[in-house]
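Working through the structure, step by step
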Amino acid sequence: MRTLFDDPPTPKAKEKPGINPKIEKSWKKKLAPEFENDYFKNLKKFLDSEREKKKKIYPPGSLIFNAFDKTPFDEVKVVLLGQDPYHGANQAHGLCFSVPEGIKQPPSLVNIFKEIHADLGISPPLHGNLEKWAKQGVLLLNATLTVLAAQAGAHQKKGWEEFTDAVISAINDEKEEVVFLLWGNYAKKKGEIIDVKKHYVLTAAHPSPFSAHSGFFGCKHFSKTNNYLLKVGKDPIDWSLD
């Protein structure tokens, strides 16, 4: 039986069963070894079990790999690292910190827009959909790509962290001059594998209301990102959403 990870069956797939995730082709090729790894097979079994128990998983299956669909490997210029998808109804759509249009902006996202305004003078938008950033080369990557409804962190330590470590490693090893935005202790720890001689790593406190005043506000990461991109001959990011 097909699962949330699987593409529609093909004759080849019937001859050679395996995990065939719905993920953008450049990333699918880059991460192919991960899909054959035991941790990923166990992750798939866990998620299938959760679904069989009729548990509500966010984001919907078609959006689990949305960050990769919106930002192919060759287009990655910036990596913004989050932790878990939002666990409220209709919030998560596979892009860290982002919510679909029409959904109230979560507090951390509100603070991100406040910092952009202070840094670049861009007025906060009326919505919280960050797809415009993703389409410019900002990989909006959560460390864990699924969560249970109303249960923050429910899918941590099930295998997603290994998978997203492999994503970061692929970018670190095979690309150069990528900006990594690491906000909060969790992101900083996960980013320890990044080669700071090849890439530009910016760290700050998390934009959560509990920590934003401890080093996120005033970090100027958005102007610093664009200054670096221009320095290395890349187009800057338009951080506005209107």
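Quick summary incoming for the structure in this document. Remember, predicted model here, so these are calculated numbers, not experimental data.

**Considerations on the overall build of the protein**
Looking only at helices and strands, the protein has 10 helices and 6 strands in total. Relative to the globule expectation of 18 Å for 242 residues, the C-alpha radius of gyration of the protein, 18 Å, shows essentially globular dimensions. Each principal axis of the C-alpha distribution contributes one length, and for the protein these read about 55 × 35 × 30 Å. Every one of the 242 residues in the protein was classed for burial, and the buried ones make up 51%. Carbon and sulfur atoms make up 51% of the accessible area of the protein, which amounts to about 11,900 Å² in all. Within the protein, the 30 negative side-chain charges are centred at a point lying 3 Å from the centre of the 35 positive side-chain charges.

**Regarding the pairing of strand β2 (residues 78–82)**
The buried count for β2 comes to 5 of 5 residues, which makes it a mostly enclosed element. Burial along β2 is two-sided: the residues V78, L80 and G82 and V79 and L81 are all buried. Note: β2 against strand β3 (residues 138–142), 5 bridges, orientation parallel. Among the inter-strand pairings, V78 is bridged to a residue of β3, identified as V138. Two strands pair when backbone bridges link them, and β2 and strand β5 (residues 179–183) are joined in this way by 4 bridges, in the parallel orientation. Counterpart to V79 in the pairing with β5 is F180.

**Here we look at the packing of aromatic side chains**
In this structure the tally under the stated criterion is 20 aromatic pairs. Taken together, a centroid distance of 6.1 Å and an interplanar angle of 55° make the contact between F65 and F68 tilted. F68 sits in the buried class, given a relative accessible area of 0%. With 5.0 Å between their ring centres and 75° between their planes, W183 and F216 make a pair best called edge-to-face. In this pair, W183 is assigned in strand β5 and F216 in the loop between β6 (200–204) and α10 (221–231), connecting sequence segments 33 residues apart. Every member of this aromatic cluster is reached through a ring pair, and the members are W27, F35, Y39, F40, F65, F68, F73, W160 and F163. Over the ring of F73 we find K30; its NZ or CZ atom is 4.4 Å from the centre of that ring. Across the ring face of F73, the terminal group of K175 is positioned such that the distance to the ring centre comes to 5.2 Å.

**Some details on the environment of N42**
Structurally, N42 can be placed in helix α4 (residues 38–52). Residue N42 is classed as partly exposed on the basis of its relative accessible area of 45%.

**Some thoughts on the state of the cysteines**
Linking two cysteines covalently via their sulfur atoms produces the bond known as a disulfide. All told, the structure shown has 0 disulfides when counted by the stated rule. No disulfide involves C96; its sulfur sits 14 Å from that of C219, the nearest cysteine. On the accessibility criterion, C219 (7% relative accessible area) is buried.

**Structural notes on the sheet that holds β2**
With parallel pairing, 4 strands are arranged side by side in an open sheet as β3-β2-β5-β6. Where the open sheet ends on each side, the last strands, each with one partner, are β3 and β6. On average, each strand axis in the sheet is tilted by 20° relative to the strand beside it, whichever way the strands run. Pairing between β5 and β6: 5 bridges, direction parallel.

Parameters and conventions
Residues numbered from 1 in each chain as written. Predicted model: local features only at pLDDT ≥ 70, side-chain atom pairs only at ≥ 80, totals over all residues. Heavy atoms only, no water. Helix = DSSP H or I, 4+ residues; strand = E, 2+ residues; numbered from the N terminus. Rg over C-alpha atoms; globule rule 2.2 N^0.38 Å. Buried < 20%, exposed > 50% of the residue type's maximum accessible area, 1.4 Å probe, protein only. Areas by Shrake-Rupley, 256 points an atom, 1.4 Å probe, with all protein chains shown as cover. Lys, Arg positive; Asp, Glu negative; His and termini not counted. Charge placed at Lys NZ, Arg CZ, Asp CG, Glu CD. Pairing = 2+ DSSP bridges. Phe/Tyr/Trp six-rings, centres within 6.5 Å; stacked < 30°, edge-to-face > 60°. Lys NZ or Arg CZ within 6 Å of the ring centre and 35° of its normal. Disulfide = S-S within 2.5 Å. Axes fitted to C-alpha atoms, helices over the stretch in contact; angles between N-to-C directions.

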